[in-house]
Amino acid sequence: MSALLSVNGVSKRFRGLVAVDRASFDVAEGGIFAVIGPNGAGKTTLFNMIAGMFPPDAGTISFASERIDGLPPDRVCRRGIGRTFQIVRPFPALSVEDNVIVGALLHRHDVGDARARAHEVLRRLDLYDKRGQRASSLTLPDRKRLEVARALATDPKLLLLDEVMAGLRPTETDRMVAILRGLNRDTGLTILLIEHVMRAVMALASRILVLHHGAAIAEGPPEQVIRDRAVIDSYLGVEAIGA
Amino acid sequence: MIARLLEGISPRALLMLAALLLVLLAAPLFAGDYLLTVLILILYFAYIGQSWNIMMGFAGQLSLGHALYVGLGAYTAAALYVHYGIGPWLGLLAAVPVAALAGAFVGFLAFRFRVAGVYFAILTIAFAEFARVGFDHLNFTRGSAGLFLPVTQFTHNDLWNLRGHPAMFYYILLAATVAALIFCRALLQSRVGYFWLAIREDEEAARAAGIDVFRYKMLAVVISAGMTSFAGVIYAFYYNNLFPEQVFHILRSIEIILGPIVGGIGTLFGPILGAFILTGLAETVTAALGALGVDIPGVKQVFYGVCLLFVITALPDGVWPWLRARIGLTERQK
């Protein structure tokens, strides 16, 4: 399979602090790729560069064989990359349905078509019955799924998920894992996720990248990465191997 | 198109709307000169409130300088009439683009350089003030001496030149208010409307959902400014005199926004209801104080202010959302 997203030697510094240090990796089309690492490892910074929040200081990012580094977020999204925010950002005063319609209108001009697409997405994310509620009235797990729904409604080829499992109870985590796995399997959607919840990472990821102090210290299939000495020392800890 | 516009409005609401429209249509037949003047003022503010609401209520951009667009519309049409004898309807063809262009300029400066929130609001005040000072020194519009439209004793209503009885202005403003209401509803139900609400709610999230935030904010300002300028044209031909000190004054801008705030920002009917409440309140206060024989300077303003404070404290979302629930109508949740 060819690489859908290709990150080459990307670096970013903030006032002398190196947040991301020459990170390189490829995300294969149709795969689920996880980026893990301790807090402050540069995961979200890396993510924000892909999503266009700010350009990298060095290196290139290509999506579907075209350079996207330096493009603003809306144009990145229109190229086919949907994203969620670590701290969820639904449109609070809008209904659940309208939140998703906004996403669906990106590639649709008719509101009726967008609503049909929104309903489809809402069903997939178990939010259809709550479509009339205001987004601000939702619980955190629901809001997390709404965040995914809105991004999904933009018809992305690649979905960027920034800690969508954080703060979820194990049953909620399993529900999200099942939904994401179903999406990947049924629609061939490529997923790049940042995650701390190893239970979810192990259940989903076909490949894992480990960041530490902004640098990639390991990359490979899950079984291989979690046995990597450097990864255990810097992030997982010895107990995790048994998990 | 019509089916789409009516979608989601209950028969009850339509009936009430039709009844209200009938009452307003018949009003000049029964209203005396004084009441007609008040009604004209109400519709004037309802229309501008609706225009301002597109920027603030839909797209979330606070303009405290909408007097700029009223003034530009008024001066453009009035100057064309005074200098070249060009009637107000043709003048409108110049007034709307002038105001829209001014809106585009303010918007471009602000949105291109990421001036947002209160800073954006201050920028809008600044441009209205520039205009006030600038027009004071503009000879073409007679500067601070004021621009006067020739007033002749009217024997008949001249709709083409907007010379005639106040009832004519009343019907023009009623038509404009109805048109603005329908237009705003159509906007809210369109793709643009959804994008505006998204931007209002969370600009960053809107951008991440692929929305070209700059473009849609510009669109909101341009549409709002253009619509507002029409009210300016009517203002010029109704009052027949324009002074920069009056039309561009910040108090005019504040007057414009009070209606939608009291009625309910972001709602379709809020600006209309707000105009009725505020103008009605002001006139009632004046009448009541007059009846009581109170003649202390400023007491009217204080009383008006207290009433306003009460309404805003009791109903921070505006009167319309509250009233709507009371009379059992639902406007689509936004």
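Residues numbered from 1 in each chain as written. Chains lettered and ligands numbered in written order. Predicted model: local features only at pLDDT ≥ 70, side-chain atom pairs only at ≥ 80, totals over all residues.

Section: the pairing of strand E4 (residues 58-63) of chain A
All names here are of chain A. Keep this limit in mind: Note on pairing: DSSP must find at least two bridges between two strands before they are called paired. Here a helix means four or more residues in a row that DSSP labels H or I, a strand means two or more in a row labelled E, and each is numbered from the N terminus.
Bridge count between strand E1 (residues 3-14) and E4: five bridges; the pairing is antiparallel. Opposite Val7, over in E4, you have Ile61 as the bridge partner. Where E4 lies against strand E5 (residues 66-67), two bridges are found, and the strand directions are antiparallel. Bridge pairing in E5 places Ser62 opposite Arg67. The turn linking E4 back onto E5 is made up of two residues, and Ala64 within it adopts a positive phi angle of 50 degrees.

Let's talk about the interface of chain B and chain A
Going by this rule: Once C-beta atoms are placed from the backbone, any two residues with those atoms within 7 Å are in contact. Under the convention adopted here, Pro, Cys and the residues Ala, Val, Leu, Ile, Met, Phe, Trp and Tyr are nonpolar, Asp, Glu, Lys and Arg are charged, and Gly plus all remaining residues are polar.
Contacts between chain B and chain A engage 20 residues on the former and 24 residues on the latter. Elements with a contribution of two residues or more to the side of chain B that touches chain A: helix H8 (191-201) and helix H9 (203-208) of chain B. A breakdown of the residues in the side of chain B that touches chain A according to their chemical character gives nine nonpolar, four polar and seven charged.

Here we look at the sheet that holds strand E10 (residues 215-220) of chain A
All names here are of chain A. Rules: Axis lines are fitted through C-alpha atoms, for helices just across the contact stretch, and the angle between N-to-C directions can take any value from 0 to 180 degrees.
The sheet built from six strands is open, its strands ordered E6-E7-E8-E3-E9-E10 with mixed pairing. The open sheet has two edge strands with one neighbour each: strand E6 (81-83) and E10. The sheet shows a mean angle of 15 degrees between the axes of neighbouring strands, taken without regard to direction. Relative to E10, strand E9 (residues 207-212) runs antiparallel, the two sharing five bridges. Of the residues in E10, the one forming a bridge with Leu211 is Ala216. Against the sheet, helix H9 (residues 229-236) contacts strand E3 (32-36), E9 and E10, and its axis sits at roughly 125 degrees relative to E10.

Quick word on the environment of Ile36 of chain A
Residue and element names in this part refer to chain A. The following threshold applies: With C-beta atoms placed from the backbone, the exposure class of a residue follows from how many other C-beta atoms lie within 10 Å of its own: 20 or more, buried; 12 or fewer, exposed; in between, partly exposed.
Within the fold, Ile36 resides in strand E3. Ile36 gets classed as buried once you count the C-beta atoms within 10 Å, which come to 26. Measuring from C-alpha to C-alpha, the distance between Ile36 and Val210 comes to 5.0 Å, with 174 residues separating the pair along the chain. With near-sequence residues (within four places) excluded, Ile36 lies in contact with Glu195, Val201, Ile208, Val210 and Tyr235.

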